[in-house]
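Listed here are the chains, written in short residue letters.
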Amino acid sequence: MKAVILAAGYGTRLQKDIENDTTGNFKHLGGIAKPLLPVGPCALISHWVQALTKTGCVDTVYVVTNDLYFEAFQQWAQEFPNVKIINDGTRRNEDRLGAVACLQLTVKLCAVDDHFLVIGGDTLFKEDFSLRKFTERFFEVQNKDKESNLVLSYQCKDEETSKYGILELDEDFKVQRMKEKPLLSETSSRNACPCFYLFSRTTLPLLDMFLNEKKNAPIEERDAPGTFLSWLILRRPVYVHRISGRFDVGNLASYIECDKYFKDQLHNPTVYLM
């Protein structure tokens, strides 16, 4: 199994918050890519790589970033021999390839022909999440159908449904449809779906099909990885593994909340995510 951490974003919201922060307490974070931000004892992305390495559930971790942050990621990766950094070649948010194109770039450049774990580079989870349990669940659904994929879901608040992709499930936790940022009146589901997907190796060729269909569409229709997931649900089995919640580092307030959790509330840091 292989893993890819999506780290090609430019963190424009967070950088603006840091620039506008009047306390000056976060000035040192200016110009740092979100996955490289310090969260507790290490960089956000290091929590993932350490857990992926210790559990042995993947043999290679790809990190796809942009040309602006490429050298910083290369320097960070020196302590992780199983990590390979991929440069998408862009230097401005306006020129970004989009997350799905970054997945395709990784698959093609590295000739990936394996089950593929996709992780959002600005995302972490609460302590109930376990890589081992998640991968065990994946192989359970694979036994039903070799084309099955697995994603995460947690219960969001009513007022949060319009912020996230919301999954509607059947009694077997199979996804029936995904609604992108729906109004409360448009769904009774509160199953929010973070960017953490385990795609079957048979799913990877569909990246080309999706991007070919969207080649003339605005970047927004192929940027967020959820756009591919929503498309995939209509073509392949997708199941859910439940967790209690996540940290999504999108702005300064969410970064502060995440960092505080890892400094003050994390009970077992040595087994976190494992």
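Rules and cut-offs
- Residues numbered from 1 in each chain as written.
- Predicted model: local features only at pLDDT ≥ 70, side-chain atom pairs only at ≥ 80, totals over all residues.
- Heavy atoms only, no water.
- Helix = DSSP H or I, 4+ residues; strand = E, 2+ residues; numbered from the N terminus.
- Rg over C-alpha atoms; globule rule 2.2 N^0.38 Å.
- Areas by Shrake-Rupley, 256 points an atom, 1.4 Å probe, with all protein chains shown as cover.
- Lys, Arg positive; Asp, Glu negative; His and termini not counted.
- Charge placed at Lys NZ, Arg CZ, Asp CG, Glu CD.
- Phe/Tyr/Trp six-rings, centres within 6.5 Å; stacked < 30°, edge-to-face > 60°.
- Buried < 20%, exposed > 50% of the residue type's maximum accessible area, 1.4 Å probe, protein only.
- Lys NZ or Arg CZ within 6 Å of the ring centre and 35° of its normal.
- Arc of directions from axis to C-beta.
- Contact = heavy atoms within 4.5 Å.
- UniProt positions renumbered as here; feature names shortened; annotations may be inferred.

Colleague: Sorry, what's going on with the overall build of the protein chain here?
Modeller: Regarding its fold elements, the protein chain presents 9 helices and 14 strands. Its C-alpha atoms give the protein chain a radius of gyration of 18 Å, near enough to 19 Å, the size a compact globule of 274 residues would have. By principal-axis analysis of the C-alpha atoms, the protein chain measures approximately 50 × 40 × 40 Å. In the form shown here, the protein chain has an accessible surface area of approximately 12900 Å², with 47% of it arising from carbon and sulfur atoms. Side chains of the protein chain carry 34 positive and 37 negative charges; the gap between the two charge centres is 1 Å.

Colleague: Sorry if this is basic, but what is going on with the packing of aromatic side chains here?
Modeller: The geometry of an aromatic ring pair comes down to the distance between the two centres and the angle between the two planes. One pass over the full model with this rule turns up 21 aromatic pairs. Aromatic side chains Phe129 and Phe134 sit 6.3 Å apart centroid to centroid with 45° between the ring planes, which places their arrangement in the tilted category. Looking at Phe134, the relative accessible area reads 0%, which means it is buried. For the pair Phe138 and Phe139, a centre-to-centre distance of 5.2 Å together with 70° between the ring planes defines the contact as edge-to-face. Look at Phe138 and you get buried, because its relative accessible area is 0%. Following the ring pairs from residue to residue traces out a cluster consisting of Trp48, Phe125, Phe129, Phe134 and Phe196. Above the plane of the ring of Phe247 lies Lys126, whose end atom (NZ or CZ) is 5.4 Å from the centre.

Colleague: I'm lost on helix α1 (residues 12-20) in this one. Help?
Modeller: Each α-helix winds once per 3.6 residues, and so residues spaced three or four apart point in a common direction. Of the positions making up α1, those classed as buried are Leu14, Gln15 and Ile18. Summarising the axial view, the buried residues of α1 lie within an arc of 95°, below the 170-degree limit, and thus occupy one face. In α1, the exposed positions angled more than 90 degrees off the buried face are occupied by Arg13, Lys16, Glu19 and Asn20. Of the surrounding secondary structure, the elements contacted by the buried residues of α1 are α9 (252-264).

Colleague: Just checking my understanding: could you explain the UniProt feature "domain: Nucleotidyl transferase" (unreviewed entry) in the protein chain for this structure?
Modeller: Taking the UniProt record as the reference, the feature "domain: Nucleotidyl transferase" (unreviewed entry) is found at residues 2-260. A helix fraction of 32% and a strand fraction of 24% characterise residues 2-260, whose end C-alpha atoms lie 31 Å from each other.

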